[in-house]
Each structure stands twice: as structure tokens, then as C-alpha cells.
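Chain by chain, the residues:
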Amino acid sequence: MYDFELTDVQIAVREVARQFAQRRLAPAARQADREGKFPAVFLKEMAGLGLMGVNVPEALGGAEAGAVAYALAMMEISGACASTSVAMGVTNMVAETICRFGSDEQKKRYVPELTSGRFEAASFALSEPQCGSDPAAMRTNARRDCKYWILNGEKQWITSGDHAGVMVVWARSGKAGADGISAFLVEGGTRGLSIGKHEEKMGLHASTTVSLAFSDCRIPASALLGKEGEGFRIAMAALDGGRIGIASQSVGIGRAALAASVRYANERQAFGHPIADFQAIKFQIADMATELDAAELLALRAASLKEAGRRFTREGSMAKVFASEAVNRVVSKAAQIHGGYGYIDEFPVERYFRDARVTTIYEGTSEIQRIVIARSILAG
């Protein structure tokens with residue numbers, strides 16, 4: 001179970017992330033959101049601080065600080081700029097996936113490129129236009145041709161897909177169903193890979209979300225990640241860890257919204273008093289803080305189990321569904337506390353409100369998390 005006392009390493013990683021978030025990200029977040037500017041410069045700086053491979057071995061350029069330190073860092077970065085934390089989260093997830101399932105050659109080729117920032121980002125190409133929550137229904141296919149694999153198909157909603165130096169791509173290499181899916185490492189710019197539509201999203205404007213098309217995309221046989229037919233298991237394992245990241249992101253956004261609400265409530269006058277004096281505001285602040293504390297503890301519990309090498313699928317889903325739904329309640333209260341100012345971009349809660357909405361959707365919807373949790377409980 002989670003140890004409530006942080007180690008010196010965890011405290012140090014959190015402090016590095018906090019200082020960078022406050023000094024570099026927070027002042028630029030509003031303009032980046034307005035312009036939809038991908039945070040390439042910041043991601044490069046974060047790589048230099050060890051934040052693009054927090055739970056990656058030092059031998060491959062990572063910080064090797066563990067899953068708890070990663071969760072803490074995600075909270076800090078997300079509170080300043082959720083768009084940046086999305087790219088950070090996916091890149092860390094891909095780097096960890098390659099470390100766990102990749103060959104020695106794949107690890108040496110790609111992981112140091114991600115942790116050093118030589119690659120701007122990485123991508124996780126699982127979803128397709130007709131299948132999001134049901135990846136076993138994917139249609140992208142992979143055909144073996146002597147020393148190569150040839151990919152054909154489409155992917156949808158791919159974070160950083162237009163900036164990725166490498167992406168994990170899932171495709172059907174065999175029979176129907178989950179057992180026929182394999183995972184591949186595809187480099188950005190590979191012939192036969194084209195970047196499609198840039199999605200105009202409600203929030204996370206500085207994070208790019210694109211579609212990908214594979215048209216006779218020829219990659220070497222050595223690009224297979226893990227064993228043929230093992231792709232579905234690799235995806236589920238990666239998503240378990242990814243859900244800790246989204247829970248942590250939710251906590252970070254929520255903490256920022258709470259802090260903004262406390263500042264505003266203490267400054268805003270109504271009927272001759274700061275609105276913080278009124279019980280209606282106090283109750284909302286209390287509920288926001290309580291939910292965020294609970295969400296943080298769930299996220300850190302799941303991260304602690306992962307770090308200890310124990311099973312954490314159920315705990316990761318619990319953290320993800322609770323934290324993502326909690327942050328949406330929190331940002332709604334934050335907007336209400338701000339009144340009319342909560343609806344305009346002069347105040348940051350408007351951005352927090354938009355950025356938080358997707359947390360209940362990506363890395364597995366709330367409905368999928370509840371299925372995972374219930375299945376685990378009912379199995380005994």
C-alpha cells in the first residue's frame with residue numbers, strides 16, 4: 001500500500017517539476033492555449049530535467065525515480081499547463097512501454113531519443129475512427145513481406161502524432177479478435193505514413209491531436225514490439241500505467257482551479273465582504289479540497305503499487321475514474337465561484353474547465369473504468 005512519507009528522490013522530482021511549472025509553463029499557458037502552439041521548446045527543457053523519462057532506467061537516459069515520482073511530477077506540470085502534461089504523459093508512457101517490451105536494439109535506438117528530447121515527443125496509436133473503447137475491433141492491418149511488415153489503415157485522436165519521433169502503432173497481423181493484434185514501432189516521417197486532420201478541440205489547444213493514415217507503409221521486421229499477437233496485452237499494460245498519469249493530470253488541474261478560487265474568493269467583494277466569508281462559498285471550497293485530496297491519494301496508491309511491482313489494474317482504474325470525475329466537479333465549482341469572470345479567458349478557470357473535460361474520456365472512458373473495476377471485484 002501507499003507509504004504516506006515521500007522519499008528524498010520523490011520530493012526532489014516534485015520540486016523540480018513545480019519550479020519549472022511555475023517559472024516557465026504557467027506564464028505562457030494562456031497564450032499557448034490561444035495560439036494552439038505545440039510546447040516543443042518546453043518539452044526539450046523538461047527532457048533536460050529528467051521529466052520525459054521519470055520512470056525510465058538511468059542507463060537509457062531516464063531519471064529512474066519511480067512511478068510515484070512520475071505521478072507527482074505530472075500533477076505539478078498539469079497544474080500549470082495541461083497541454084504540456086499530455087505530451088509529457090504520452091512520451092513517458094511510450095518510453096516505459098519500449099523499456100518493458102522492446103528488444104535491446106529497440107531500447108537503445110528509441111528510449112534515449114525520447115528521454116533526451118532529441119525526439120520532440122512520442123505517440124500511442126491505438127484508437128481508430130470506428131473503435132475507441134473496443135480496440136479488439138481495429139481494422140488497421142499488418143502484412144508480413146519477407147524482411148518487412150506492411151501497414152495499411154487509419155488511426156484517430158493521436159496525441160502529438162505530427163511531432164512524434166516514434167510511435168507505437170497497433171495493427172491486426174492475424175485472426176480476428178484481440179489475439180490477432182500486434183504492436184509496431186514506427187518512426188515519424190516513414191514513407192507511407194501521412195498526417196491527417198488536426199482536430200479542433202474544446203480544450204488542450206496547445207496539444208496536437210491528429211489522424212494518421214498508413215498506405216503500404218513498409219517497416220522492417222525488427223519494428224515488431226514484443227511478439228506477434230501480443231499487441232493487445234501490451235496495450236492494456238501501457239494503459240494501466242497511463243491511467244495513473246491521467247488521474248495525476250486531473251489532480252493537477254483541480255489543484256490549480258482550487259488555488260485560483262481561493263485567491264478570487266478572498267479578493268472579490270460582495271455586500272461589503274469578501275465572498276470567502278459566505279457559507280455557500282466555504283462549502284464549495286471544502287468539497288473541492290476534499291475531493292482532490294481523495295483523488296491524489298488514489299493516484300499515489302496506484303503508483304505505489306506499480307512501483308512495488310504489484311498488480312494495480314483495479315487501483316489504476318479507480319484512481320482514473322474518481323480523479324477525472326472529481327476534477328470536472330471541481331472546475332465547475334471554480335467557474336461558479338468566479339461568476340461571470342469564470343466564463344471568460346481573462347481568468348484561468350475557463351481554461352481549466354475546458355482542459356478537464358477530456359479526462360473522463362481518454363485513456364479509457366469512465367464507463368470502461370467501471371467495467372474494469374467491477375470485473376475485478378466480481379472475480380473475487
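Values in this document were obtained by computation on a predicted structure and should not be read as measured data.

Caption draft 1: Representation of the overall build of the protein chain within the structure. For the protein chain, the helix and strand inventory stands at ten helices and ten strands. With the principal axes as the frame, the protein chain shows a C-alpha extent of 80 × 45 × 40 Å. In the protein chain, buried positions account for 55% of the 380 residues. Restricting the contact set of the protein chain to residue pairs at least 6 apart, pairs at least 24 apart contribute 73%.

Caption draft 2: Structural context of the side chain of threonine 91. Examined against the element boundaries, threonine 91 turns out to sit in helix 4 (residues 82–101). Looking at threonine 91, its side chain comes within polar contact range of the main-chain nitrogen of alanine 122, at 3.2 Å. Discounting residues that sit within four places of it in the chain, threonine 91 has contacts with Met52, Leu114, Ala121 and Ala122.

Caption draft 3: Structural view of the packing of aromatic side chains. Using the criterion set out here, one finds seven aromatic pairs in the structure. Relative to tryptophan 170, the ring of phenylalanine 124 lies with its centre 4.5 Å away and its plane at 55°, an arrangement referred to as tilted. With phenylalanine 124 in strand 1 (residues 121–125) and tryptophan 170 in strand 4 (residues 164–172), the pair connects residues that are 46 residues apart, well separated along the chain. Of the two residues, phenylalanine 124 and tryptophan 170, neither departs from the other in class, the shared state being buried. An aromatic cluster of at least three residues, connected via ring pairs, comprises Tyr264, Tyr341 and Phe347. Directly above the ring of tyrosine 148 sits arginine 218, whose terminal nitrogen or CZ lies 5.2 Å from the centroid.

Caption draft 4: Region of the structure containing unusual backbone geometry. At cysteine 146, a position not held by glycine, the phi torsion is positive, near 55°. You can see cysteine 146 is positioned in the loop between strand 2 (141–145) and strand 3 (148–159). One non-glycine residue, aspartate 216, lies in positive phi territory at about 50°. Relative to the helices and strands, aspartate 216 is located in strand 7 (residues 209–220). A relative accessible area of 52% means that aspartate 216 is categorised as exposed.

About the cut-offs
Residues numbered from 1 in each chain as written. Predicted model: local features only at pLDDT ≥ 70, side-chain atom pairs only at ≥ 80, totals over all residues. Heavy atoms only, no water. Helix = DSSP H or I, 4+ residues; strand = E, 2+ residues; numbered from the N terminus. Buried < 20%, exposed > 50% of the residue type's maximum accessible area, 1.4 Å probe, protein only. Contact = heavy atoms within 4.5 Å. Polar contact = N/O pair within 3.5 Å; in protein donor to acceptor, adjacent residues only side chain to side chain. Phe/Tyr/Trp six-rings, centres within 6.5 Å; stacked < 30°, edge-to-face > 60°. Lys NZ or Arg CZ within 6 Å of the ring centre and 35° of its normal.

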